[in-house]
Amino acid sequence: MTRTRFLAAGLLLAAVVPLAACGGGGNPLDTSSQPAGGSTGGSAAAGAVKVGSADFPESALLGEIYAQALEAKGMKVARQFNIGSRETYLKAISGGEVDVLPEYTGSLLNFYDKNASVTKPDEVYAELQKKLPQGLTVLDKSAAEDKNSLVVTKDTAGQWSLKAIPDLAPHQADLTIGAPPEFKTRQQGLVGLKSVYNIVPKEFRPLQSQATVEALKNGQVKAANIFSTDPSIAANGFVVLEDPKSLFGSDNVVPLVRSEKADSLKPVLNAVSAKLDTKSLADMVKQVVVDKKDASAVAKAWLASSGLS
């Protein structure tokens, strides 16, 4: 889920406000392909705050929370969700195609500084502010955290005596890891597994969304990169391997915004961050992915219960 992170929650693809960027060949930044209820296309979007997201369920859900919170304060919003991986959506926000999107402190810091060594939440947040390129800034981080993790099945954990990532080292000759494609080249991925833990899998299989979970369940991969709040972990009894050297660090949810928009968005989105915690986030994701509730309704209910609607 890398912030890749949690890509195993792909069941949300059918429920979250249109997750269209993964197929169809259209332009994911074309607001005319976005849903009704706040999204507008063409010239009608002029002056609207353009809220984006990455191409995984939790990010789109957070984008919907931001969008509805802004709309509740009378702001016009254009939704542009499921833009793609970090490499893609950072180009979009840097180029002005979107104004704000949900990010994760540790993963974003690592993207800009692969040698970053801080791991505590406040230290990561402070360092991130220093590393962001001109034109981008972050608003207040939330207490909600969802970070990358390596998980295995209960059977594999028992057979290989696995409790932590270093325990994989004796089994590298039989180790196949499933994860999003970008995991292959990221520090919080195969690069870091080698440099931090000296672990190199026999094979890497690039997978997205529910395919990661299915591959792990079916034994096609021995370990998988799944976000820590992914409900599939508990649902399948997967074992999250401990990360004693903090390869995956801290990853608090934070709004990434274009600097020119920061002042106007700050009061609303800082209020969202002040209310958002890990338990609430995990529960909302479960509602959409497992209980198959509509993401817009889930976001609306949380905002109402938090006094933000």
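Residues numbered from 1 in each chain as written. Predicted model: local features only at pLDDT ≥ 70, side-chain atom pairs only at ≥ 80, totals over all residues. Heavy atoms only, no water.

Scanning the protein from terminus to terminus reveals eleven helices and ten strands. Per element, the accessible surface of the protein, about 12,400 Å² overall, is 49% carbon and sulfur. (Helix = DSSP H or I, 4+ residues; strand = E, 2+ residues; numbered from the N terminus. Areas by Shrake-Rupley, 256 points an atom, 1.4 Å probe, with all protein chains shown as cover.)

Mapped onto the elements of the fold, lysine 50 is located in strand E1 (residues 49-52). Its relative accessible area of 22% is what places lysine 50 among the partly exposed residues. Along the chain, lysine 50 and valine 100 lie 50 residues apart, while their C-alpha atoms are 6.6 Å from each other. Apart from residues no more than four positions distant in its own chain, lysine 50 is found in contact with Ala78, Gln80, Gly96, Glu97, Val98, Asp99 and Val100. In terms of polar contacts, lysine 50 uses its side chain to reach the backbone carbonyl oxygen of glycine 96, at 2.8 Å. (Buried < 20%, exposed > 50% of the residue type's maximum accessible area, 1.4 Å probe, protein only. Contact = heavy atoms within 4.5 Å. Polar contact = N/O pair within 3.5 Å; in protein donor to acceptor, adjacent residues only side chain to side chain.)

So, about the nonpolar core. Counting residues in hydrophobic clusters, the biggest one holds 55 residues, and the most contacted among them are Val51 and Leu256. Top contributing element to this core by residue count: helix H1 (residues 57-72), with eight residues. By size, the runner-up hydrophobic cluster in this structure holds 20 residues, among which are Ala157, Trp160, Ile165 and Phe204. (Core = buried A, V, L, I, M, F, W, Y, C linked by side-chain atoms within 4.5 Å.)

Let's shift gears to the pairing of strand E7 (residues 203-206). With four bridges joining them, strand E6 (residues 176-179) and E7 adopt parallel strand pairing. Its bridge partner being in E7, isoleucine 177 is matched across the sheet by phenylalanine 204. Chirality of the crossover, the property in question, places the unit of E6, helix H6 (residues 187-197) and E7 among those that are right-handed. (Pairing = 2+ DSSP bridges. Right-handed = clockwise from strand over helix to strand, strands pointing away.)

Let us now look at the confidence of the model for the protein. When pLDDT is averaged across the protein, the result is 87; 85% of the residues are at 70 or more. Here residues 1-44 is modelled with pLDDT under 50, and outside its nearest four sequence neighbours on either side it reaches 142 contacts, counting other chains as well. (pLDDT = per-residue confidence, 0-100.)

Once that is clear, we can look at the pattern of salt bridges. Under the definition given, this model contains twelve salt bridges. For glutamate 103, the salt bridge goes to arginine 86, with nearest N and O atoms at 2.8 Å. Taken together, the residues glutamate 103 in strand E3 (residues 100-104) and arginine 86 in helix H2 (residues 86-94) connect sequence positions 17 residues apart. Its relative accessible area of 0% is what places glutamate 103 among the buried residues. What emerges from the salt-bridge pattern is a single network uniting Asp113, Glu127, Lys130 and Lys131. (Salt bridge = Lys/Arg side-chain N within 4 Å of Asp/Glu carboxyl O.)

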